[in-house]
Amino acid sequence: MSEMMTGAEMVVRALQDQGVEHLFGYPGGAVLPIYDAIFQQDKVKHVLVRHEQGAVHAAEGYARSGPGKVGCVLVTSGPGATNAVTGLTDALLDSIPLVVITGQVPTHLIGSDAFQECDTVGITRSCTKHNYLVKSIHDLPRVLHEAFYVAANGRPGPVVIDIPKDIQFATGAYSRPRDNQHKTYRPVVKGDIGKIKAAVDLIAGAKKPVFYTGGGVINAGPHAAALLRELARLTGYPVTSTLMGLGAFPADDKQWLGMLGMHGTYEANLAMHDCDVMVAIGARFDDRITGRIDAFSPRSKKIHIDIDPSSINKNVKVDIGIVGDCAHVLEDMVRLWRETGAQVDKTALATWWTQIEGWRGRKSLAYKRSDTVIKPQYAVERLYQLTKDRDPFITTEVGQHQMWAAQHFHFQEPNRWMTSGGLGTMGYGLPAAIGVQMKHPKSLVIDIAGEASILMNMQEMSTAVQYRLPVKIFILNNEYMGMVRQWQELLHGGRYSESYSQSLPDFVKLAEAYGGHGIRCEDPAKLDDAIMEMIDTPKPVIFDCIVAKEENCFPMIPSGKAHNEMILPDFEGDTGQIIDAKGKQLV
Amino acid sequence: MSQPATHYPKAPKSQPSARHTLAVIVDNEPGVLARIAGLFSGRGYNIESLTVSETEHEKHLSRITVVTSGTASVIDQIKAHLDRLVPVHRVVDLTEQGEALERELALVKVVGKGEYRVEAMRLASAFGARTLDASLTSFVFELTGSTEEIERFIKLMTAVGLTEVSRTGIAAMSRGPEAM
């Protein structure tokens, strides 16, 4: 017997039935009935953000910091929906499961340019995995449950449900999740066993192998990370990861090469360049990874495991493409490896490791130390050393600080690292940290930030204070949009057009104005104490860490170059001459 | 339940709705079709049939024939919105100009044996359909006609083993000497 209720009540009931505990949102005219339904229950807790972009990033952080949960957002029509667009695009590029509910003007007014009307499904079509405009109350329960299924299954992504206000008021019959199976969408999760077998043979026969893993391993859940570790242990092969995949493989393991790509380590990039068998697991050959595509790993056989068939052979042709969920495919691989009693070529592997150790010896993450100014790398290093025993969760904004965090903060477990990889959204870190802290109220959550990025969603400090979320904002303040400045140094003759952060606020006073705690530190000798003070303060903290102003983020693969043409930190010369005219055209 | 509080105006009383065929001349450039489809979906209008092809190659012009239905004021809005799109050259409401010629083409696959096969053949020739492909157990017929004729043909073929239908949608033109 199905229950009769209003559309607004259906929304809240569906969230409850889907196990949603927290909903990030901002009210407005076109969602008032849903807010009224939220008011009359206490199972789903609403978190009021200060800007809809913040709501979406918070939901992303929430979804990423633990497996198996879809992040949920509720915003109003028009500006509520358009403000959510950046977050939706971010979630699409980083494959984060979200359900975003937007209010819409009543159905009879759609298309009339009504107050706070916009074509939400039109605007969000290209920045969502799927979207719905619900025009009948009879469709609403099905659409609500389908949205959760679509968001979480296959390659995860954001789903928008646009609900006109008259549908929220209308009465209809509610149906539960299990009565609402999607008609057609059934992503393949089990890989083709013949191809997996061929892959195992290729892996076993490798002389210079490398595992190149990505965000897909994180998305496939902790089980996938465990299987990756098992496969790495069975083979003894080196492992590198993209920015998105950090934590899937422990950074303190001796098989770990560090991150690869534009700001990856020398050993990771050269191993990719020189390998004979590359095993890409849940990684998508992004341009930040491949560098110059025609010079990318020229002599290797490539195996690619991905849940998204369109990712395979998209940027790089591969020899064996396996469509499936990383966890399922890795499980089959490990099983086949054991069953067939596969053996690696130990002599070749030893030679390969010697070569890798040689590259490692170049110490590509080294930097010149200083007693007078805090080097940004040093700040991240100290932050890592002083917090690593507390199993911290790290979010970032976008820019140099993000890369230094990826290089110098080390992750042992998945779901501890939340950063905007694909879209590169400045302003991501603070709201994401709020989402993470909401899910893990007792944990240490740190947003490693830049002074420019943090100002993009600074208003969310107010959210953190309201909900007593003790997030720590660790600003590497170099008074520049550092990555923009670095590129201007490399590409535009050091003409720092508009990249200087002028008229910065006093971050300590700003923290206090919001009701948080502010700390400033510019002396390397006092840094440890200041970090400890931050950790021990049981409320939101803004830490203004004044760092060296014109430090470059190295190592770096310059635009238009290959993996074996990296700029290393000990580069002495004119940085303006490294990139040629053709490279300057690229981003 | 009492009428819920809302700051939006009430829905107007429903008015009679009619089917219109519009001919739209557009620049054949990437994204034109998406703009037109987006206009319809974004404003909640229906597309019943849509046909697109380049008609003047040198000028890179395409003709889009779109069949839609709505109240008189909705049809006016649709035409106004179409006309406002930058790559759209002209919009003509063929239905308003009088009885337009409307034709579509359908490919129909029928699978069957014995009596069914004979009957399928007979019906096809009664409708003037061409036989494009035949095997011992199947036919593919081609039929050109008005939407109603094609509907009738498909309905009859269903009884004698129809397995697949492909339709082009409507191509339309006004009668008489006037060109658009």
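Residues numbered from 1 in each chain as written. Chains lettered and ligands numbered in written order. Predicted model: local features only at pLDDT ≥ 70, side-chain atom pairs only at ≥ 80, totals over all residues.

Participant: In this structure, what is going on with the overall build of chain A? I would like to understand it.
Facilitator: Secondary structure summary: chain A contains 24 helices and 20 strands in total. At 24 Å, chain A has a C-alpha radius of gyration in line with the 25 Å of a compact globule built from 587 residues. Referenced to the eigenvectors of the C-alpha coordinate spread, the extents of chain A come out at roughly 70 × 60 × 45 Å. Buried positions account for 55% of the 587 residues belonging to chain A. Considering only intrachain contacts with a sequence separation of at least 6, the fraction spanning at least 24 residues in chain A is 77%. (Helix = DSSP H or I, 4+ residues; strand = E, 2+ residues; numbered from the N terminus. Rg over C-alpha atoms; globule rule 2.2 N^0.38 Å. Buried ≥ 20, exposed ≤ 12 C-beta atoms within 10 Å, placed from the backbone. Contact = placed C-beta atoms within 7 Å.)

Participant: Is there a simple way to explain the overall build of chain B in this structure?
Facilitator: For chain B, the count of helices and strands is four helices and nine strands. Starting at the N terminus and ending at the C terminus, chain B contains elements arranged as β-α-β-β-α-β-β-α-β-β-α-β-β. A compact globule built from 180 residues should have a C-alpha radius of gyration of about 16 Å, whereas chain B, at 21 Å, is more than 25% larger. Each principal axis of the C-alpha atoms in chain B carries an extent, and together these give about 65 × 60 × 35 Å. Considering chain B as a whole, with its 180 residues, one finds that 22% of them fall into the buried category. Excluding contacts between residues fewer than 6 apart, the proportion of contacts in chain B whose partners are at least 24 apart in sequence is 74%.

Participant: Quick question: what am I supposed to make of the sheet that holds strand β17 (residues 445–450) of chain A here?
Facilitator: Strand-to-strand pairing in sheets goes through backbone hydrogen bonds, with the strands running parallel or antiparallel. Strand order in the open sheet made by the six strands is β16-β15-β17-β18-β20-β19 (chain A), with parallel pairing throughout. Two strands close off the open sheet at either side, each with one partner strand: β16 (417–418) and β19 (517–521) of chain A. (Pairing = 2+ DSSP bridges.)

Participant: Quick question: what am I supposed to make of the confidence of the model for chain B here?
Facilitator: When pLDDT is low, close inspection of the predicted coordinates is not appropriate. For chain B, per-residue confidence averages 92 on the pLDDT scale, and residues scoring 70 or more make up 98% of the total. The ipTM for the predicted assembly is 0.81, set against a pTM of 0.93. (pLDDT = per-residue confidence, 0-100.)

Participant: Sorry if this is basic, but what is going on with the sheet that holds strand β14 (residues 320–323) of chain A here?
Facilitator: All names here are of chain A. Pairing is parallel in the open sheet, where six strands are placed in the order β11-β10-β9-β12-β13-β14. The open sheet has two free edges, formed respectively by β11 (256–259) and β14, since each of these has just one partner strand. Direction aside, the axes of adjacent strands within the sheet are offset by 15° on average. In this sheet, β14 lies alongside strand β13 (residues 301–306) in parallel orientation, the contact comprising four bridges. Of the residues in β14, the one forming a bridge with Asp306 is Val323. (Axes fitted to C-alpha atoms, helices over the stretch in contact; angles between N-to-C directions.)

Participant: Hey, could you run me through the packing of helix α11 (residues 222–235) of chain A against helix α14 (residues 326–339) of chain A in this one?
Facilitator: Each pair of packed helices can be summarised by the angle the axes make with each other and by the distance between the axes. Residue and element names in this part refer to chain A. Running from N to C, α11 and α14 point in directions that differ by 30°, and their axes come no closer than 9 Å. If you check the angle between α11 and α14, you find them roughly parallel. The way α11 lies across α14 gives a crossing that is left-handed. In this structure, α11 uses His223, Ala224, Leu227, Leu228, Glu230, Leu231 and Leu234 to contact α14, whose residues at the interface are Cys326, Ala327, Leu330, Glu331, Met333, Val334 and Trp337. Of the residues assigned to the contact of α11 with α14, the class counts are 11 nonpolar, one polar and two charged. (Parallel < 35°, antiparallel > 145°, perpendicular 65-115°, else oblique. Left-handed = near helix turned anticlockwise from the far one by under 90°. Nonpolar A, V, L, I, M, F, W, Y, C, P; charged D, E, K, R; others polar.)

Participant: Mind showing me how you'd approach the packing of helix α9 (residues 193–204) of chain A against α14(A) here?
Facilitator: Residues and elements named next belong to chain A. As a packed pair, α9 and α14 sit with axes 10 Å apart at the nearest point and diverge in direction by 55°. With respect to each other, α9 and α14 are oriented oblique. Seen along the crossing, α9 lies across α14 with a hand that is right-handed. Side by side, α9 and α14 meet where Ile193, Ile196, Lys197, Ala199 and Val200 of the first sit next to Val329, Asp332, Met333, Leu336 and Trp337 of the second. Looking at the contact of α9 with α14, its residues break down into eight nonpolar, no polar and two charged.

Participant: Even after reading the chapter, I still don't get the interface of chain A and chain B, so can you show me in this structure?
Facilitator: Many structure descriptions define interface size as the accessible area lost when the parts assemble. Each partner contributes to the interface: chain A provides 15 residues, whereas chain B provides 12 residues. Elements with a contribution of two residues or more to the side of chain A that touches chain B: α6 (120–124) and α8 (165–169) of chain A. Across the side of chain A that touches chain B, the residue classes tally to eight nonpolar, five polar and two charged.

Participant: Before we go on, may I ask you to explain the environment of A:His440 in this structure?
Facilitator: Residue and element names in this part refer to chain A. Following the sequence through the fold, His440 ends up in the loop between α18 (429–439) and β17. In this structure the C-alpha to C-alpha distance between His440 and Ser65, which are 375 residues apart in sequence, comes to 8.4 Å. When near neighbours in sequence (up to four residues on either side) are disregarded, His440 contacts Ser65, Phe393 and Val445.

Participant: Looking at this structure, I do not really get the environment of A:Val436. What am I missing?
Facilitator: All names here are of chain A. Along the chain, Val436 falls in helix α18. You can call Val436 buried: it has 29 C-beta atoms within 10 Å. For the pair Val436 and Arg64, spaced 372 residues apart in sequence, the C-alpha separation works out to 7.9 Å. Among residues more than four places away in sequence, those in contact with Val436 are Gly61, Tyr62, Ser65, Phe393, Thr395, Met418 and Val445.

Participant: Sorry, what's going on with the environment of A:Pro158 here?
Facilitator: Residue and element names in this part refer to chain A. Mapped onto the elements of the fold, Pro158 is located in strand β7 (residues 158–164). By C-beta crowding, Pro158 is classed as buried, having 34 other C-beta atoms within 10 Å. Setting aside residues up to four positions removed in sequence, Pro158 forms contacts with Leu88, Ala91, Leu92, Ile96, Leu98, Val100, Thr128, Lys129 and Ala151.

Participant: Could you clarify how one ought to interpret helix α3 (residues 52–64) of chain A in this entry?
Facilitator: For an α-helix, 3.6 residues make a turn, and residues three or four places apart therefore share a direction. For α3(A), with 13 residues, the first-to-last C-alpha span of 19 Å sits near the 18 Å given by 1.5 Å per residue. Of all the 13 residues making up α3(A), 13 are buried; the element is thus mostly covered by neighbouring parts of the structure. (Expected span 1.5 Å × (residues − 1).)

Participant: Explain the pairing of strand β5 (residues 98–104) of chain A here, please?
Facilitator: A regular strand places its side chains so that they alternate between the two faces of the sheet. Residues and elements named next belong to chain A. Judged by how many residues are buried, β5 sits mostly within the fold: seven of seven residues are covered. Here β5 shows a buried face lined by Leu98, Val100, Thr102 and Gln104 and a second buried face lined by Val99, Ile101 and Gly103. For strand β4 (residues 71–75) and β5, the ladder comprises five bridges, and the chain directions are parallel. For Leu74, the partnering residue across the bridge sits in β5 and is Ile101. Examined bridge by bridge, β5 and β7 share seven bridges and lie parallel to one another. The partner of Ile101 across the bridge, within β7, is Ile161.

Participant: Please explain helix α4 (residues 147–158) of chain B as it appears in this structure.
Facilitator: Residue and element names in this part refer to chain B. Between its first and last C-alpha atoms α4 spans 17 Å; for 12 residues at 1.5 Å apiece the expected length is 16 Å, and the two agree. Listed in full, the buried residues belonging to α4 are Ile150, Phe153 and Met157. Considered in projection along α4, the buried side chains sweep an arc of 60° and stay on one side of the axis. Within α4, the exposed residues directed more than 90 degrees away from the buried face are Glu148 and Lys155. (Arc of directions from axis to C-beta.)

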